[in-house]
Amino acid sequence: MRLSSVLAPRDREFFDLFEEAGGNIERAASLLEQMLADYPDRSQLARDILICEQEGDRITHDIIRRLNETFVTPIDREDIHALASALDDVVDFTEEVADYMGLYKIEAPMEQAQRQTQILHQAARQIAAAMPRLRGFQDISHYTVEINRLENDGDRVTREAMGALFDNGIDPMVVIRWKDIYERLESAIDATEQVANILETVVIKNS
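Caption draft 1: The overall build of the protein chain, seen in detail. Assigned secondary structure in the protein chain consists of six helices and zero strands. Moving toward the C terminus, one meets the helices and strands of the protein chain in the order α-α-α-α-α-α. Against the compact-globule benchmark of 17 Å for 207 residues, the protein chain has a radius of gyration of 18 Å, which places it among compact chains. In terms of overall dimensions, the protein chain has a C-alpha envelope of 70 × 30 × 25 Å along the principal axes. Burial status across the protein chain gives 45% buried among its 207 residues. Considering only contacts within the protein chain whose residues lie at least 6 apart along the sequence, 82% involve residues at least 24 apart. Summed over its atoms, the accessible surface of the protein chain is roughly 10,000 Å², and 49% of this surface lies on carbon and sulfur atoms.

And the structure:
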């Protein structure tokens, strides 16, 4: 039996799990966008986002377990670990935003937060679309360039949001709460760019 045929099922498992993680990120970001678009009427979506976060943990655990069990991996071990971690970060930060909305008893969303969730969802869609191309180490620059552009947009919106908080004489406790939420949203968007950078590195190394 050829060595490649022995390794192939394991190869497929890694790529399957990465695609699953991409889909899970897209779902979590979509739910957060819906939640903030119609908040507090759709605050119950926080529960569904928590389920996505738990699913992300399960996928990450499966990837790391397979990594520990597999002698020869389809891509460098450190890249598998880095990609799994970055994908998990996106969902973790997304869930933290949903959690903070309830924890801080937010009554209505800020417009900038809604715009950040839209950017996050767009970036998550790009990740989900790019992930199947990793299997054949196909060019993904179309997706990574768009994620980088979206991350720049996210930075700009975050700066505007922070400026508006301190300009409008808002109650200091409200400022602290929204600052936390904006920072988590920014971290989620930044994490999508980290995923894009790792994907780009993997494709370049293996093409």
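Caption draft 2: Here's a closer look at the confidence of the model for the protein chain. Per-residue confidence for the protein chain averages 93 on the pLDDT scale, and 95% of its residues sit at or above 70. Per-residue pLDDT stays below 50 along residues 1–9; that stretch engages in two contacts with residues further than four places along the chain or on separate chains.

Caption draft 3: Fine view of the side chain of T94. Examined against the element boundaries, T94 turns out to sit in helix α3 (residues 77–103). Among the polar contacts listed, one links the side chain of T94 to the backbone oxygen of V90, at a separation of 2.7 Å. Ignoring sequence-local partners within four residues, the contact set of T94 consists of A28, A29, L32, I49, L120 and A188.

Caption draft 4: Region of interest: the nonpolar core. Within the largest apolar cluster, 65 residues are counted, with the highest numbers of intra-cluster contacts made by F18, L32, M35, L87, L134 and I181. No other element matches the 14 residues that helix α6 (residues 172–206) contributes to this core. Residues within four places of M35 in sequence aside, it is in contact with R42, S43, L45, A46, I49, A98 and M101.

Caption draft 5: View of the pattern of salt bridges. Summed over the entire model, instances satisfying the criterion amount to 17 salt bridges. Put simply, K205 and D76 hold a salt bridge, and the shortest N to O gap is 3.2 Å. One end of the pair, K205, is in helix α6; the other, D76, is in the loop between α2 (45–69) and α3, and 129 residues separate them in sequence. Assessed through its relative accessible area of 43%, K205 is described here as partly exposed. For R149, the salt bridge identified is with D153, shortest N-O distance 2.9 Å.

Caption draft 6: Expanded view of the packing of helix α5 (residues 141–167) against α6. At their nearest, the axes of α5 and α6 sit 9 Å apart, and the two run at 165° to each other. It follows that α5 is roughly antiparallel to α6 by the angle criterion. Note on packing geometry: the crossing formed by α5 with α6 is left-handed. The residue makeup of the contact of α5 with α6, split by class, is 11 nonpolar, six polar and eight charged.

Caption draft 7: Examining the environment of R135 more closely. Within the element layout of this structure, R135 appears in the loop between α4 (111–134) and α5. The partly exposed category is assigned to R135, whose relative accessible area is 32%. Taking C-alpha positions, R135 is 25 Å from S30, a pair spaced 105 residues apart along the chain. Here R135 is in contact with R12, F15, D16 and E19, once residues within four sequence places are set aside. Among the polar contacts made by the side chain of R135, one reaches the side chain of D16 at a distance of 2.8 Å.

So, how was this worked out
Residues numbered from 1 in each chain as written. Predicted model: local features only at pLDDT ≥ 70, side-chain atom pairs only at ≥ 80, totals over all residues. Heavy atoms only, no water. Helix = DSSP H or I, 4+ residues; strand = E, 2+ residues; numbered from the N terminus. Rg over C-alpha atoms; globule rule 2.2 N^0.38 Å. Buried < 20%, exposed > 50% of the residue type's maximum accessible area, 1.4 Å probe, protein only. Contact = heavy atoms within 4.5 Å. Areas by Shrake-Rupley, 256 points an atom, 1.4 Å probe, with all protein chains shown as cover. pLDDT = per-residue confidence, 0-100. Polar contact = N/O pair within 3.5 Å; in protein donor to acceptor, adjacent residues only side chain to side chain. Core = buried A, V, L, I, M, F, W, Y, C linked by side-chain atoms within 4.5 Å. Salt bridge = Lys/Arg side-chain N within 4 Å of Asp/Glu carboxyl O. Axes fitted to C-alpha atoms, helices over the stretch in contact; angles between N-to-C directions. Parallel < 35°, antiparallel > 145°, perpendicular 65-115°, else oblique. Left-handed = near helix turned anticlockwise from the far one by under 90°. Nonpolar A, V, L, I, M, F, W, Y, C, P; charged D, E, K, R; others polar.

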